[in-house]
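Breakdown of the fold
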Amino acid sequence: MSGIILYFNTAIALAVPILMVSIGVCYQEKTGVYGMGSDSSMLLSCFTSIVTLIATGNYFVAIVVGILSGGLMSLFFSIFAVRLGTDQTLTGLACNFAVMGLTSSLLRLLWGVDGIPMMEKPASVPIPLLSKIPIVGEILFDQPIVNYLVYIIIPISWWILYRSTVGLKVRAVGENLECADSVGINILKTRTLACMVAGMCCGFGGAILAVQQVGTFADEMTGSKAWMGIIAAYFGGWSPIGATGAAMVFGLAMALEKRIQLMSFISLNSYTVQLFPYIAAILVICLTGKNRRHPANMMHYYQKQ
C-alpha cells in the first residue's frame, strides 16, 4: 500500500507544473491566441526563481519572482502576436528559442561549467486531520504547501472562465471578434491580459518545477512539460477541470517511468521507458482529436476599424 501512495504522490508532484501551464493555456487560447510561447515563460521562470532563491533564501519570494517573470515574458510575446499581428506560431517558437539561449548563456556566465548548486527543496506539510484519511488523505493532503494552492486555483479558474463576466468576455473574444467589439469589449486588452495570466500560470509551474521538484536549474529543464500543458488544455476542452484530468494522465505516465527505472527486476531499455509520457500524449491526441474544436477565432489577428 505504501508503494501505491508513493506512486500517486509522485504523479501529483510531476503533474502540477504541467497542470499550471494547461490552466494558463486555457485562458490564452480561449481568446484565440495560440499558447505556443508557453515554454519560454516556464523556462525563464525556472531560471529566475532559482537565482532568486540563491540570492534571498526565501522560497516564497523565489516563486513570486518566477510568476512575475513568466508574466513579463508572455507580455513580450503579446506585443508582437496580439498588438502587431505577427504569426503566433512563429513568434511563440522565437520566444522559446530566445529564452533557451538566454538562460543557457547566463547559466554559464554566472556559474561556469559547474552549474547552479543543488538547493534544499521544501518538505511536505501534512494538513491536520485530512492527511489522516486512509490512502486519499496521504496522497492528496501530505504535499508541499504550494500544491495546496494549486488545488484552490483549479476551481477558481473554472469559475472565472465559465461563471464570471470576465470569463464571458474572454470566451466572446475567442468565438466572435466583431461581435465582441460591437458590444464594447476591448479585444487587444482582453487578449493581452489573457496572455499575461497564462504567462504567470506558466511561471508558477516553472517555479514549482525548479524550486520544489528539482532544486536547481539546467539547460532546457522544462523538457516537454510546456507542450504537455498545451495538449492537456486541448484534451480538457480548455476547461481547467478537464485539463486537470489530462495533466494527471501525464503525471501518472511520468511516475510510472520513474518507478520502472527503479525496478531492477524489470529489464527495459531506459530510452524505451522514457517514451511513456510521450506515448500518453499521443494517445490523448488520438482520443480527442476529432472531438475538440478550437475557438472560432484561434490565431486570427484583429485590428479595430
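About the criteria used
- Throughout this description, residue numbers start from 1 for each chain and increase along the sequence as written.
- Since the coordinates come from a predicted model, pLDDT governs what is reported: local features require at least 70, and pairs of side-chain atoms require 80 or more to be given and counted, while whole-chain, interface and lining totals use all residues.
- To obtain the side-chain values, all non-hydrogen atoms of the structure were used and water was disregarded.
- UniProt positions are given in the numbering used here, feature names are shortened, and annotations may be inferred rather than shown by experiment.
- Here, two cysteine sulfur atoms that lie within 2.5 Å of each other are counted as a disulfide.
- Only protein chains enter the accessibility calculation, which uses a 1.4 Å probe. A residue is then buried if its area is under 20% of the maximum for its type, exposed if over 50%, and partly exposed in between.
- In this description, a nonpolar core means a group of buried Ala, Val, Leu, Ile, Met, Phe, Trp, Tyr and Cys residues linked to one another through side-chain atoms lying within 4.5 Å.
- Strands are runs of DSSP state E lasting at least two residues, helices are runs of H or I lasting at least four, and both sets are numbered from the N terminus onward.
- Contacts are assigned to residue pairs with any non-hydrogen atoms lying within 4.5 Å of each other.
- Note that the arc is defined by the directions from the helix axis to the C-beta atoms.

- An unreviewed UniProt entry annotates the protein as ABC transporter permease of Wansuia hejianensis.
- Within the UniProt record for the protein, the comment given under Subcellular location (unreviewed entry) is "Cell membrane".

Some points on the state of the cysteines
- Scanning the entire structure with this criterion turns up zero disulfides.
- Among the cysteines around cysteine 26, which has no disulfide bond, cysteine 201 carries the closest sulfur, lying 9.2 Å off.
- On the accessibility criterion, cysteine 26 (0% relative accessible area) is buried.
- The thiol of cysteine 46 is unpaired, and the distance to the nearest cysteine sulfur, on cysteine 202, comes to 11 Å.

Focus: the nonpolar core
- Ranked by size, the top nonpolar core spans 67 residues in total, and within it Val150, Phe204 and Phe217 carry the most contacts.
- Put simply, the parts of the chain that give this core at least two residues each are helix H1 (2-30), helix H2 (38-56), helix H3 (59-83), helix H4 (88-111), helix H6 (145-163), helix H9 (187-214), helix H10 (225-235) and helix H11 (240-262).
- Per-element tally for this core: the top contributor is H1, with 14 residues.
- Not counting chain neighbours up to four residues away, the residues in contact with phenylalanine 204 comprise Met20, Ile63, Ile67, Val146, Leu149, Val150 and Ile153.
- One finds Val173, Ile185, Ile187 and Tyr302 within the second-largest nonpolar core, a separate group that totals six residues.

A short note on helix H7 (residues 165-175)
- All of the buried residues in H7 are Gly167, Val170, Val173 and Gly174. What you see down the axis of H7 is that its buried residues fit within an arc of 125 degrees, all on one side. Set apart from the buried face of H7 by more than 90 degrees, the exposed residues are Thr165 and Leu168.
- Its buried side turned inward, H7 meets H1, H6, helix H8 (177-182) and H9.

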